[in-house]
Structure formats: structure tokens, C-alpha cells
Amino acid sequence: MKKAACVTGADRGLGFFLVRWLLENKYKVFAGQYLEESEALEILNTKYKEQLILVPMDVGSSDSVKCAARTIAGRTGHLDMIINNAGIIDRADDATMLVDMDDTAMARIYNVNTLGSLRVSNSLMGLLLQGKQKLIVNISSEAGSISRNQRINMYGYCMSKAALNMQSSLLHNHLRVMGGQVMVFHPGWLQSYMNGDKNEAAPIPPEESARKIMGIVQEHKTHMGMEPAYLDLDGNPWPW
């Protein structure tokens, strides 16, 4: 049975390089594509025509996720891995408690970063339970760590990632009794497009983060049955 995976937010950045790693390692990949056009994915699709399936997916929309899940179920009877990578930030979320806050922007962040991954995992759970690995990888952030928090702003983003961490724990408790696992990663400060433009100030190229994450994921069975693994790029436990 050929290994199969689904990756959200696959258009560019970390998601794209996670897709590329999976393809290079013989996975059949369903790439959740948010943008109408992604030149990088189209080029990759030309090289891996038999392995890569592009699936329109907006994780912020229940209808979009359900439609994507039906498309995936029509092409495979199982998934070994779901990688919930899609996420956003918003410049309006920079406000502190001393000024008016944009709760509409915060709700949008929470809808994508927290509920988005839950929608995807829920919609694809039937396929995941038919796979061998039964692994969910959630891309979180150090911003979701309560014990290490030193910020005074970014309420929406930080709360969305803290809630994602709790979601991961709840899901892991259920999935592990069925032979599965949830892993959560702080991917480092990435040169990403989360606010629309590439963050050139960040030190870590997304391809480096993707390579390290997937290297750790390959060893995921060593954590099986334990608490959900929340790790940094060196495989070290990250404080919740």
C-alpha cells in the first residue's frame, strides 16, 4: 500500500517544501492549495504527475474543507499522515491592551490557525484510520507556549497557537488508543508568507525547517503512546 499524505497551505513556504520532501520520499501527496494559482506547485506537479494531486482548500471554510475531503476520498482509500500547516497572521493583531483591538482580525486568525486544522483532521479522520502511520502533524509556534511567553501583543496569533496545542493534546489522547499519534512542531522563525509578503528578516529558510521536521517525523514511532510530542527543530521538547 503506497504511503499517502495530505498537506495544507501547500502553495509556498513551509507547506510547499513539506510537500516536496514527501514526494521525494515516495509518498502520494494531496496538496491543499489556497491560492488560485501556484507556479511552484504547478512546476512540481509536472515532475510528479502520478504522485501529486492538487486540491483546492481553504481551511477557514467548512464547505471548502468538506469538498476537499470528498475529492481526496475519491482518489485514495487511506492517508498515513495529515500535516496541518496552513496559518495566518494579521498586522492588525500587533495592538496591545492600551489601544483599541481588532477582534474581527483575531477571530479570523483563530478560525484559520485553530479551527482550520480541526476541520481538516475531522474531515479526513476516516481515511487516516485506514492508514498505517495514523499520524497528524500540527505546525504550531513558540508563540503558543504559555510558560515561555514574553510578548505584550499578538493576542490573536498567540491565543490561536495555544488553542492549537490543546487541540493537539485532546486529539492525541483519542488517536493513540487507535494506534495513532499527534506531533506538534515549533518550526522556528521562518522566511514565510503568513502576512502575505515574504518575511526576509527571519533567519530560517522554510526548506531547512521542512527537512528537519520530516527527519524527526520519520522517528515518530519512538514516541508512540506517550504524550503528544511538542518539539523544536532539533527534536527537543518545547514547553507548552
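Just so you know, these numbers come straight off a predicted model, no measurement behind them.

Undergrad: Just to check I follow, could you spell out the environment of alanine 107 for this structure?
TA: Looking at the secondary structure, you find alanine 107 in helix 4 (residues 103–128). For alanine 107, a relative accessible area of 46% corresponds to the partly exposed category. Along the backbone, alanine 107 and threonine 8 are 99 residues apart, and their C-alpha atoms lie at a distance of 20 Å.

Undergrad: In this structure, what is going on with the state of the cysteines? I would like to understand it.
TA: Each disulfide consists of a covalent bond between the sulfur atoms of two cysteine residues. The final tally for this structure, using the stated rule, is zero disulfides. Cysteine 6 takes part in no disulfide bond, and the closest cysteine sulfur, belonging to cysteine 67, lies 13 Å away.

Undergrad: Whenever I open this one, the packing of aromatic side chains confuses me. Can you help?
TA: Aromatic ring pairs are reported here in terms of the distance separating the ring centres and the angle at which the planes meet. Applying the stated criterion across every chain, the model contains one aromatic pair. Their ring planes at 85° and their centres at 5.1 Å tell us that phenylalanine 16 and phenylalanine 17 sit as a pair that is edge-to-face. Classification of phenylalanine 16 by relative accessible area gives buried; the value is 10%.

Undergrad: Explain the pairing of strand 1 (residues 4–7) to me, please; I cannot follow it from the model alone.
TA: Two faces belong to every sheet, and in a regular strand the side chains alternate between them. Here strand 1 shows no split at all, with Ala4 and Cys6 on one side and Ala5 and Val7 on the other all buried. Pairing geometry for strand 1 and strand 2 (residues 28–33), over four bridges, is parallel. In the sheet register, valine 7 faces strand 2, and the bridge partner there is alanine 31.

Undergrad: Sorry, what's going on with the sheet that holds strand 2 here?
TA: Spatial strand order, 3-2-1-4-5-6-7: seven strands in an open sheet with parallel pairing. Strand pairing shows two members of the sheet lacking a second neighbour, strand 3 (52–56) and strand 7 (229–231), which therefore form its edges. Averaged over all adjacent pairs, the angle separating strand axes in this sheet is 15°, with direction ignored. Bridge analysis of strand 4 (residues 81–84) against strand 5 (residues 135–139) gives four bridges, and the strand direction is parallel. If you follow isoleucine 82 over to strand 5, its bridge partner there is isoleucine 136. Where helix 6 (residues 206–217) meets the sheet, it contacts strand 4, strand 5, strand 6 (181–185) and strand 7, and its direction lies at approximately 150° from that of strand 6.

Undergrad: Looking at this structure, I do not really get the pattern of salt bridges. What am I missing?
TA: Oppositely charged side chains can form a pair if their charged atoms are brought close together. The full count for this structure, using the stated rule, is four salt bridges. Measuring nitrogen to oxygen at the nearest pair gives 2.4 Å for the salt bridge that ties aspartate 90 to arginine 108. You can see aspartate 90 sitting in the loop between strand 4 and helix 4 and its partner arginine 108 sitting in helix 4, a full 18 residues away along the chain. Of the charged contacts, one joins glutamate 208 and lysine 212 as a salt bridge, the two residues approaching to 3.3 Å between their closest N and O atoms. Taken as a pair, glutamate 208 and lysine 212 lie in helix 6 at a separation of four residues, close to a single helical turn.

What counts and what doesn't
- Residues numbered from 1 in each chain as written.
- Predicted model: local features only at pLDDT ≥ 70, side-chain atom pairs only at ≥ 80, totals over all residues.
- Heavy atoms only, no water.
- Helix = DSSP H or I, 4+ residues; strand = E, 2+ residues; numbered from the N terminus.
- Buried < 20%, exposed > 50% of the residue type's maximum accessible area, 1.4 Å probe, protein only.
- Disulfide = S-S within 2.5 Å.
- Phe/Tyr/Trp six-rings, centres within 6.5 Å; stacked < 30°, edge-to-face > 60°.
- Pairing = 2+ DSSP bridges.
- Axes fitted to C-alpha atoms, helices over the stretch in contact; angles between N-to-C directions.
- Contact = heavy atoms within 4.5 Å.
- Salt bridge = Lys/Arg side-chain N within 4 Å of Asp/Glu carboxyl O.

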